[in-house]
Amino acid sequence: LLYHLGPDFGTKGLHCIKWDWKDFNEYRFYDGEWIDDWPDDIEFVVDGKPLDDLILGGLHWLLYSEGMRQIFEQEKVPGVQFLPVKVLYAKTGNYIGPYWTPNIMLNASSIKVGFDSGYEFFRQSTGTFILDRLKRLLEKAKVTRGIYFNPVPMKLLGLDNSKE
């Protein structure tokens, strides 16, 4: 029904080993505001098994593949701005991607508030949450490499979990 979306640390997929944020303040991702002054050349250097659809670029940085971004845009998911980043694969010295970092403007005061508001994709504190419909679309499009969908317990949503 509702999932916490994050990197799958068990896959030994891509991981960030170096970055250059061009002095961008990553805490701006929590303002819930459109970012107009995005630097063109923010870069992450990654290592590991290539071609994940989600890369953890740092505590406040999730990097989404082009395929993921396309699903969000096709579905017109509100409250998210995709900002381009460069991703350099350390083993080859070549850029891979394109990759994007989401600026999630729907910030919920709690997981339950986000869920009750009908948001399909939202942030609560530093967590990113996604509803089942959007998760299934990502799975159908096969753009879930490197992603772990952790189900949110129904108790947190104030729903009966006796059928879990």
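Given the structure is predicted, the values throughout are model-derived calculations rather than measurements.

(A) Just the packing of aromatic side chains, in detail. Throughout the structure, instances matching the rule amount to 17 aromatic pairs. Ring geometry for Trp 21 versus Trp 61: centroids 5.2 Å apart, planes at 25°, classification stacked. With a gap of 40 residues between them, Trp 21 in the loop between strand E2 (15-20) and strand E3 (43-47) and Trp 61 in strand E5 (residues 61-65) connect regions that are remote in the sequence. Comparing Trp 21 with Trp 61 shows no difference in burial state: the two are buried. Arranged with centres 4.8 Å apart and planes meeting at 70°, the rings of Phe 24 and Trp 38 form a pair that is edge-to-face. Residue Phe 24 is found in the loop between E2 and E3, and its partner Trp 38 is found in the loop between E2 and E3; the two are separated by 14 residues along the sequence. We classify Trp 38 as buried; its relative accessible area is 10%.

(B) Quick peek at helix H3 (residues 132-140). Within the span of H3, buried status applies to Asp 132, Leu 134, Lys 135 and Leu 138. Buried residues of H3, viewed axially, fall in a sector of 165°; they line one side. Residues of H3 that are buried make contact with strand E1 (2-7), helix H1 (66-74), strand E8 (121-124), strand E9 (127-131) and strand E10 (147-151). Looking one or two residues beyond H3, the residue adopting positive phi is Lys 142, at roughly 60°.

(C) Examining the side chain of Thr 101 more closely. Of note, Thr 101 is situated in strand E7 (residues 94-104). With relative accessibility at 1%, the residue Thr 101 sits in the buried group. In terms of polar contacts, Thr 101 uses its side chain to reach the backbone carbonyl oxygen of Leu 62, at 3.0 Å. Not counting residues up to four positions away in its chain, the partners in contact with Thr 101 are Phe 29, Trp 38, Trp 61, Leu 62, Leu 63, Gln 81, Phe 82, Leu 83 and Val 85.

(D) Representation of H1. Of all the positions in H1, only Glu 66, Met 68, Arg 69, Ile 71 and Phe 72 are classed as buried. With its phi angle positive at about 50°, Lys 76 sits one or two positions after the end of H1.

How each quantity is defined
- Residues numbered from 1 in each chain as written.
- Predicted model: local features only at pLDDT ≥ 70, side-chain atom pairs only at ≥ 80, totals over all residues.
- Heavy atoms only, no water.
- Phe/Tyr/Trp six-rings, centres within 6.5 Å; stacked < 30°, edge-to-face > 60°.
- Helix = DSSP H or I, 4+ residues; strand = E, 2+ residues; numbered from the N terminus.
- Buried < 20%, exposed > 50% of the residue type's maximum accessible area, 1.4 Å probe, protein only.
- Arc of directions from axis to C-beta.
- Contact = heavy atoms within 4.5 Å.
- Polar contact = N/O pair within 3.5 Å; in protein donor to acceptor, adjacent residues only side chain to side chain.

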